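# Per-entry structural report
Below, each chain spelled out in residue letters.
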Amino acid sequence: MFNSKNAFMQKLIILSFITVSIFAHTACKKALDVTPPGEFAPGNVLATDKGIRSVLFSSYAGIQNPTPSRYLINNSEVTTDVGYNTGGAENLALSQLINFTWDASLGTLQADVWAPTYRAIRDANIVLENIDNVNTTDANKKLYAAEARFLRAYAYDLLYKWFGPVPLRTSSTSEAALAKATDEQMKAFIEAELTTAIADLPDPGKEEAFARANKGMAASVLAKFYLNTRQWQKAADACRQVMNFNYYGLFPAYQDMFRVENEGNKEMIMVHPCRNQEGFGNWYTAGALPQNFKTSSQIPEFVWTTAMANFATQYRMRSAFTNTIDTVNDTRSILLLRHYINTNNVSVNLLSTPDNVRSMKYWDNATVGNHSGNDVPIIRYADILLSRAEALNEVSGPSQEALNLINEVRSRAGIGILTMADATSKEVLRDLILRERAWEFYSEGLRREDLLRHNKFISLAIARGITVAADKHKLFPIPQAEIDANPACKQNEGY
Amino acid sequence: MTIPPPSSGMYSGIHVCEYPLKTNETMNNMPKNSTRLLLIKLLLFSTLLANAQSRTIRGKASSADNGTPLPNVTVLLKGSNSRTTTDANGDFSIPVSGNNAVLLFYLVNYSTKEVPVGDKTTVDVTLELKNENLGEVVVVGYGTVKKSDVTGAVVSLKSKDLTPGANINVEQTLQGRASGVQVYQKSGEPGSAMSVKIRGASSITAGNDPLYVIDGMPVNNLSPVTGSGAGFVATPNPRNPLNSLNPADIESIEILKDASATAIYGSRGSNGVVMITTKKGKSGKLSINYSTYYGIQKASNSLELLNGQQYKEVLNAIIDAGGGVASERVTNDPVNVDWQKELYRTANVQSHDLSISGGKDNTRFYASLGYFNQEGVLLNSGVKRYTARLNLENSVAQKYAFGINFNTSYIRDNYNSVGLGVNENGSALYAAINYDPSYPVYNPDGSFNRSPYMTTIDHPLILANGQYANSDGFRTFGTVYGEYFFMPGLSVKLKGAGDVNITQRNTWLDPSTILGSPTGGIASINTGNVNYYMGEATVNYKTSFGQDHALNAVAGGTYEHFGSNSFGGNGRGYALPDLTYNAIGTGNSTLNQIGSGRASTKIISFLGRVNYTYKDRYLLTASFRADGSSRFGSNNRFGYFPSAAVAWKMHEESFLKGVSFVNELKFRLSYGVIGNQSIANYLYITTFSGGGNAIFGGERYTSLAPSRVANPDLKWEAAKQADIGIDFALFDNRLTGSVEYYDRRTSDLLLDLPQPLSTGFGVKTQNIGRMKNTGIDLHLAGDVFRNSQGFNWNVGAVLSTVKNEVLSLGPLSQIFTGGAGFISNASIIRPGASLGSYYGYEVLGVWQSHDDFSTAPVGVKPGDLKFRDVDGNKQINADDRVILGKSLPDFTYGITNTFGYKRFSLSVFLEGSQGASVLNNAAIDSYFPVSFRRNKLAKPYLNRWTPENPTNEYPSFINPTSQGQQTVNSKTVEDASYLRLQSVRLSYDFKLRNKVIRGLQAYVTGQNLFTITNYSGIDPAVNSIGDDILKIDYSSYPMTRSFLFGLNVQF
């Protein structure tokens, strides 16, 4: 068909094409290497001061939990004699907690506790693994390592309170499938790590900015850890250590302690820091506001505006709790909303419906939509005082020293002091302290651990008519997603 | 399916494509050329013989089709140099000797015929027109083939076959037109993308959109701007980047369905390929076309909600019966506000297209301008588009060819707040559905009146006017190519293509809205560009050897680069909100936020294909592509995608030659491996990205966190697809069609495999799992009446079935996914079930007073919903969930009836879908209300259970969440089967004796005229979550009914 010249040419072309292709194929393996232009190379992050510091801050972000802090509060209170909830989408999850019908699929366990806490652990591990090779001063290396160690220990302490022993990851390269540690391993790890961290952390007030770790924060976490694990003497001593910093003190007016303008006051040892911005807001008040709330003579400074959200869900307080507080003298009751004026200027009495008092602890006139700026306390100085009192009572029964500690808190609230005549026995004082803690710490997410420590978590639930409440409920189930993806991790007993 | 013959109605080529500049022209001419060569050889051979004449044979050649005489038929005495041609009457005479003589009759476009003469003196022959029109070719990857020689499953649609009407994008025109292609409109929002799936869904996470190729350029269909402005209710139905292409510029669309057709696109082929070819100029007189239409659109449906009076009666009655709270009693004297109507309007749509085409000597051109303006039926929504195109070609046949295709567009989108937000984040439509209908819209002073009971939902009209966004999109793309022919059968073609898509989206939340007021207004500007360039070199070679063998081959390589950049910023706190986003910097600067992103991908490919034909009956196609993608780890950089297909034109066999009613019968078989790589970039690289902000001393501090668990072993999803099909044309081509069966098995599915959360990571993208899609594509077209007394009636029908089955999820037993509003995990993916399976509770009825309550869950009362207690533990909990239906239909279909009478033409197009379900989220909000005072669907509440009305259909709604929130259940997952009269078009061709205007056609079209369905929501096809697979109807932008009047004028 074609003459020989053409045939030759055609062969030549095909041949050269194949040759070029082979060259191209070899060359393009390299050509396909890409560097993500919008992401950071590990070398720059893990070897520089600013890089490793940024990873450390990611670990902080994991435990700070500004917006989900309302779940940490509610999950720890609607399961107790203090909190209650109705309505709205959040009631989907909260009703399971109220009724003790939760299971491993309950989303808040995973989304608000397990996942962010383990992210903080992941980032702390990265810092600790790489800190020796970072190009920075020895002082910074020591500081960052101590902060990472503290954050990781606090994270495990939080997980331990909610879930009991969990997989103890201390390296970013550990096997994905990791079994739970034993109870002893968990406790030993938390204690040892906090103790190590305390040594290298700055004194209270000497940290770079409020909410960065310091000795007081770590010592307080350790004190609460000892208390919740019933290591009474150690707890009493650790509380003493916090008091000995002579840095912390009670804020004079209870009802103003949680205001945005008083943030970082010397009672706030550790907080979930919040801002009135998307992603950083404290949403508690949006849920606590009763329908059509406008203002109340209890808190006349707070006036609802259309700039503020008012959720369909209703965060409520149980009558069994609110009926016990002295609404005449106890300034802590000011923030327990019992009546209000609604947007139609009609007065509404919340007491006419059971379990309907609202906690206004986090009211903020600068609230933007859902977002209030109030920090949520994790550990307050009042907690250290009451914890030491409780520990001393457990060690050696009622003492004036214990009462003094309690009375410091009661005096600030404006109610009468306790005397040895009130504290007739260890048991009596124990109950007085537990009651005091309810009044002092409502809407701060401490009630569940307090009841667990006092062995009342299950018995009080049964007393509320929750017949299904059982010992297994003392721990939450490991989130189902972890169980599904981590075959080495066994579910908590009973779930 | 291949292309039926020209007379087959629905798929008929109204326009014979010209591809004179492509190598394919020579290929198209190949049979002719080879026959010529044959003739020459015969002539040469015959000169060696010298035979004496003994007699003269006379005869007539005529058309087998209609008996008309055929002039210019070459008549050749086989084995001699003796030849003649027929005259104008088809008559010939030729001398022969002996009784063994054989005459050959040859005419272009007709089948060659051999007739033994014997002792006859008269030989009359009829010649059959070849089924395949030589001019008609089908565009496939990196070339074209004669349509009779297609071996794969390819649908070819010409511009006239596409659905007429107000179509902003290409997909809309495909609905119900092509078998095996499932197209549905997810929303009536102007310009929103449609769902297009070719033979179902082949992937779980790596995308199910087909690859679009416009004039040989693979289209990078990423949106330059994703997400929405700060605080703005998202618009989940994304805009379709293909909106930039004016449908009026489309000459043809080919849909490649099977592996043999798509494997040439390798790692992007597994979801099928849509090849779009734009119009070309023709040599000759300058042709000017102007087409226009104008129409009106209305919302085709709205939800039936309680009116003010009913609202008062029903809510108060429920409170009386023990539900709700006394303080929520409706005490005002109700008005009846239909909030949906307050947001709807009658909207205009208009379109103008002007094109000029022509050519002289070696140069041809097509140029067009287009303008399209569609208002949305929802206030403040709509789209405007301006397009321009230039296609230019210059060629000297079989020497060289050059050309460019150039398209540029500007699109202005206006978005209302449409989306899935709830409560104060709800869209205007969400608010309209939920808002108190008993309070008037306006205060006496004319301002908007907010109901005091709706503090968590904003006034629908305040939302419609105070939350909006718009975008300006500029997209320019085009190709340039040059081809040089070394020889008639051998050419090298170089092609370059580029595509730049730049978009800016502005968003505004006015301080008058609930969301905008706290911050004094929120303005956002998001900009981005998506860019693409490509270089391609191919060698095309074609030859034939001997009489029976023809070969056509292409080989080449391509380099492609995909880039994207984005930048976004938002501001808050505007003292004066007048200037909105136009003065974004005038807010409170401490609240400003900015962000940016940048990414790129490369693909380097080598490809080749061989088409071999034996005796013009047996066809073999084999193709191969090697793709190297920067999306995959260094351990798996290159993927290899082979395919093969055979076809047998049975009608060319002698045993079918005599069967007069068979015009075409072709049997096809194909198999191949194709891939999918539509996943995020960089998944194999360990890096750090921005983490959450930490707060110290009340200030925010940025952080860095590991981006992902890197997987260096990542590779493409592989699909193995087998296809078997038959094409036929029967009874003088009156009945044509094709039937195909396919089986596609996807393995190495790209899945985000959950990691133990205790690692600090959520997922790791891995190649895990397998999935199967099988189905039948059926296409039929028939001429019921063919020009009998000026009357024509043609029926065309397509039917596509898809059965999807997940075969394996690797180590996972199931994956929960999907949701909207307050609902999550509405769907389950698990082996044995179809993708898009709804998972929830089966409602058996309503508990009645006389029921045996000993088996009932604790606390259940008469009037509560009775759920199936699957495990019989007297508790309705997560363990009682079952699969309730699936979002993928069993089959979809389209039927077009075209009636022609003289100059009138009437086209009636029905389309439907059977067997799919949809989650009705509006029903969920009524069955499980988040707040008592929100409005409800009328039917369940007006017919609710009461002691006096012990219905088994609807509960009492007294304590709707008494058993928990079984939101996804057999009442809220509804059958979404439907049959729709999608369009009716009546047109008239004017007969003009006018030198200026050469043609004039006028038409009226009605779209979406009625729908037959049992679905209780606004439309069975809507999908508010923008997902390819799962369908949820929630605050959906309404579908529209439209009436258009149009004119086409040719000058």
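Refer to the preceding data block for the structure.
Below: a short report on this structure. (Residues numbered from 1 in each chain as written. Chains lettered and ligands numbered in written order. Predicted model: local features only at pLDDT ≥ 70, side-chain atom pairs only at ≥ 80, totals over all residues. Heavy atoms only, no water.)

### Examining the overall build of chain B
What counts is decided by this rule: Runs of E in the DSSP output that reach at least two residues are strands. Runs of H or I that reach at least four are helices, and both are numbered from the N terminus. We call a residue buried when its accessible area falls under 20% of the maximum for its residue type, exposed when it is over 50%, and partly exposed in between, using a 1.4 Å probe and counting protein chains only. Any pair of residues with heavy atoms lying within 4.5 Å of one another is described as a contacting pair. Note on areas: these come from Shrake-Rupley sampling with a 1.4 Å probe, and a residue is covered only by the protein chains present in the view. When charges are counted, Lys and Arg contribute as positive and Asp and Glu as negative, whereas His and the chain ends are disregarded. Each charge is placed at NZ for Lys, CZ for Arg, CG for Asp and CD for Glu.
The secondary structure content of chain B amounts to nine helices and 54 strands. Oriented by its inertia axes, the alpha-carbon framework of chain B measures out at about 120 × 65 × 65 Å. For chain B, the residues scored as buried account for 59% of the 1051 residues in total. Taking the contacts inside chain B whose residues are at least 6 apart along the sequence as the reference set, 71% of them involve residues at least 24 apart. Put simply, chain B shows about 38,500 Å² of open surface, and 55% of that area lies on carbon and sulfur atoms. Charge centroids of chain B, computed over 93 positive and 83 negative side chains, lie 7 Å from each other.

### Overview of the interface of chain A and chain B
The test is simple: Buried area is understood as the total, over both parts, of accessible area removed when two parts are fitted together, assessed with a 1.4 Å probe. One speaks of a salt bridge when a side-chain nitrogen belonging to Lys or Arg is within 4 Å of a carboxyl oxygen belonging to Asp or Glu. Side-chain atoms alone can form a polar contact between residues adjacent in sequence; in general such a contact is a pair of N or O atoms within 3.5 Å, and within protein one must be able to donate a hydrogen while the other accepts it.
Contacts between the two partners involve 70 residues from chain A, matched on the other side by 73 residues from chain B. Note on chain A versus chain B: buried area summed over both sides is about 6,300 Å², and carbon and sulfur give 67% of it. A salt bridge links B:Arg708 to A:Glu39; its shortest N-O distance comes to 2.8 Å. In this assembly, chain A and chain B are joined by 14 residue pairs in polar contact (both at pLDDT 80 or more). Residue assignment for the side of chain A that touches chain B shows that the elements contributing at least two residues are α1 (4–31), α2 (42–46), α3 (49–64), α6 (107–130) and α18 (480–485) of chain A. Top contributing element to the side of chain A that touches chain B by residue count: α1(A), with eleven residues.

### Digging into α6(A)
Residue and element names in this part refer to chain A. Rule in force here: To estimate how far a helix should extend, the number of its residues minus one is multiplied by 1.5 Å. Each residue is assigned a bend, namely the angle between axes fitted to the seven residues that terminate at it and the seven residues that start at it.
With 24 residues, α6 ought to run about 34 Å at 1.5 Å a step, and its terminal C-alpha atoms sit 33 Å apart, in line with that. Helix geometry: α6 is bent most strongly at Trp114, by close to 30°, with proline Pro116 lying one to four residues after it. Of all 24 residues in α6, 19 are buried; the element is thus mostly enclosed.

### Observations regarding the side chain of B:Arg475
Of note, B:Arg475 is situated in strand β22 (residues 467–487). Separated by 2.6 Å, the side chains of B:Arg475 and B:Asp499 make a polar contact.

### Quick look at the pairing of strand β38 (residues 770–788) of chain B
Residues and elements named next belong to chain B. For the record, the criterion: Should DSSP find at least two bridges between two strands, the strands are taken to pair.
Direction of pairing for strand β35 (residues 735–747) relative to β38: antiparallel, over a ladder of twelve bridges. If you follow Thr746 over to β38, its bridge partner there is Met771. Pairing of β38 with strand β40 (residues 803–808), which is carried by five bridges, proceeds in the antiparallel orientation. Residue pairing in the sheet places Thr774 in a bridge with Lys803 of β40. Both β38 and strand β39 (residues 791–801) contribute to a ladder of nine bridges, which runs antiparallel. Across the sheet, residue Ser788 finds its bridge partner in β39, namely Phe791.

### Concerning the side chain of B:Arg572
Following the sequence through the fold, B:Arg572 ends up in strand β25 (residues 549–572). The charged side chain of B:Arg572 is buried without a salt bridge, its nearest counter-charge being A:Glu278 at 4.8 Å. Within polar-contact distance, the side chain of B:Arg572 engages the side chain of B:Asn570 at 2.8 Å.

### Some remarks on the pattern of salt bridges
Residue and element names in this part refer to chain B. This structure, assessed with the given rule, holds 73 salt bridges over all chains. For the salt bridge of Asp215 with Arg389, the shortest nitrogen-to-oxygen distance reads 3.5 Å. On the criterion of sequence distance, the pair formed by Asp215 in the loop between β13 (211–214) and β14 (217–218) and Arg389 in strand β20 (residues 382–396) is long-range, its members being 174 residues apart. Its relative accessible area of 11% is what places Asp215 among the buried residues. With a relative accessible area of 4%, Arg389 lands in the buried category.

### Digging into the packing of helix α8 (residues 183–200) of chain A against helix α9 (residues 215–228) of chain A
All names here are of chain A. The test is simple: Convention adopted: a line fitted to C-alpha atoms gives each axis, helices being fitted over their contacting stretch, and angles between N-to-C directions are expressed from 0 to 180 degrees. Comment on the angle field: the value is read as roughly parallel under 35 degrees, roughly antiparallel over 145, roughly perpendicular from 65 to 115, and oblique elsewhere. Here a crossing is taken to be left-handed if its near helix is turned anticlockwise relative to the far helix by less than a right angle, and right-handed if that turn runs clockwise. Note that Gly is not counted as nonpolar here; it falls among the polar residues with everything else outside the nonpolar set of Ala, Val, Leu, Ile, Met, Phe, Trp, Tyr, Cys and Pro and the charged set of Asp, Glu, Lys and Arg.
Running from amino to carboxyl end, α8 crosses α9 at an angle of 160°, the nearest separation of the two axes being 9 Å. Here α8 is positioned roughly antiparallel relative to α9, judged by the angle of their axes. Seen along the crossing, α8 lies across α9 with a hand that is left-handed. Together, Lys187, Ile190, Glu191, Leu194, Thr195, Ile198 and Ala199 of α8 and Lys215, Ala218, Ala219, Val221, Leu222, Phe225 and Tyr226 of α9 make up the contact between the two elements. Of the residues belonging to the contact of α8 with α9, the class tally is ten nonpolar, one polar and three charged.

### Regarding the environment of B:Ser887
All names here are of chain B. Position of Ser887 among the secondary structure elements: in the loop between β46 (882–886) and β47 (891–901). On the basis of relative accessibility, which here comes to 4%, the residue Ser887 falls in the buried class. Placed 415 residues apart in sequence, Ser887 and Asp472 show a C-alpha to C-alpha distance of 34 Å. Among all residues touching Ser887, those that are not within four sequence positions of it are Leu835, Gly836, Tyr838, Ala916, Ser917, Ile1029, Leu1030 and Lys1031.

### A closer look at the environment of A:Arg448
Residues and elements named next belong to chain A. Its place among the elements puts Arg448 in helix α16 (residues 447–453). Taking the C-alpha atoms as reference points, Arg448 and Trp162, 286 residues apart in sequence, are found 9.5 Å from one another. Not counting residues up to four positions away in its chain, the partners in contact with Arg448 are Ser76, Thr79, Thr80, Lys161, Trp162, Phe457, Lys474, Leu475 and Phe476.

### Observations concerning unusual backbone geometry
Residue and element names in this part refer to chain A. One non-glycine residue, Asn65, adopts positive backbone phi at about 45°. By secondary structure assignment, the location of Asn65 is in the loop between α3 and α4 (69–77). Residue Asn292 is not a glycine yet carries a positive backbone phi of 60°. With respect to the helices and strands, the residue Asn292 is situated in the loop between α11 (284–288) and β3 (293–295).

### Describing the nonpolar core
The condition is simple: We call a set of buried residues a nonpolar core when its members are Ala, Val, Leu, Ile, Met, Phe, Trp, Tyr or Cys and they connect through side-chain atoms within 4.5 Å of each other.
Judged by nonpolar contacts, the single largest core of 151 residues is most densely connected at A:Phe150, A:Tyr156, A:Phe163, A:Val166 and A:Ile384. Here this core gets 16 residues from one element, more than from any other, and that element is helix α7 (residues 138–163) of chain A. Counting residues in hydrophobic clusters, the runner-up holds 69 residues, among them B:Val337, B:Val422, B:Leu937 and B:Tyr1034.

### Observations regarding the packing of aromatic side chains
For any pair of aromatic rings, geometry is given as the distance between the ring centres together with the angle between the planes. Here is the rule we go by: A pair of aromatic rings is counted whenever rings of Phe, Tyr or Trp (Trp by its six-membered ring) have centres within 6.5 Å, and the orientation is called stacked for planes under 30 degrees apart, edge-to-face for over 60 and tilted otherwise. Comment: the charge-over-ring label is applied if NZ (Lys) or CZ (Arg) is within 6 Å of the ring centre and within 35 degrees of the ring normal.
In the structure shown here, the tally under the stated rule is 57 aromatic pairs over all chains. Clustering of aromatic rings is evident, with ring pairs tying together A:Phe100, A:Trp102, A:Trp162, A:Phe457 and A:Phe476. Lying over the aromatic face of B:Tyr481, B:Lys493 brings its terminal NZ or CZ to 4.9 Å of the ring centre. Positioned above the aromatic ring of B:Tyr453, the side-chain terminus of B:Arg933 is 3.7 Å from the ring centre.

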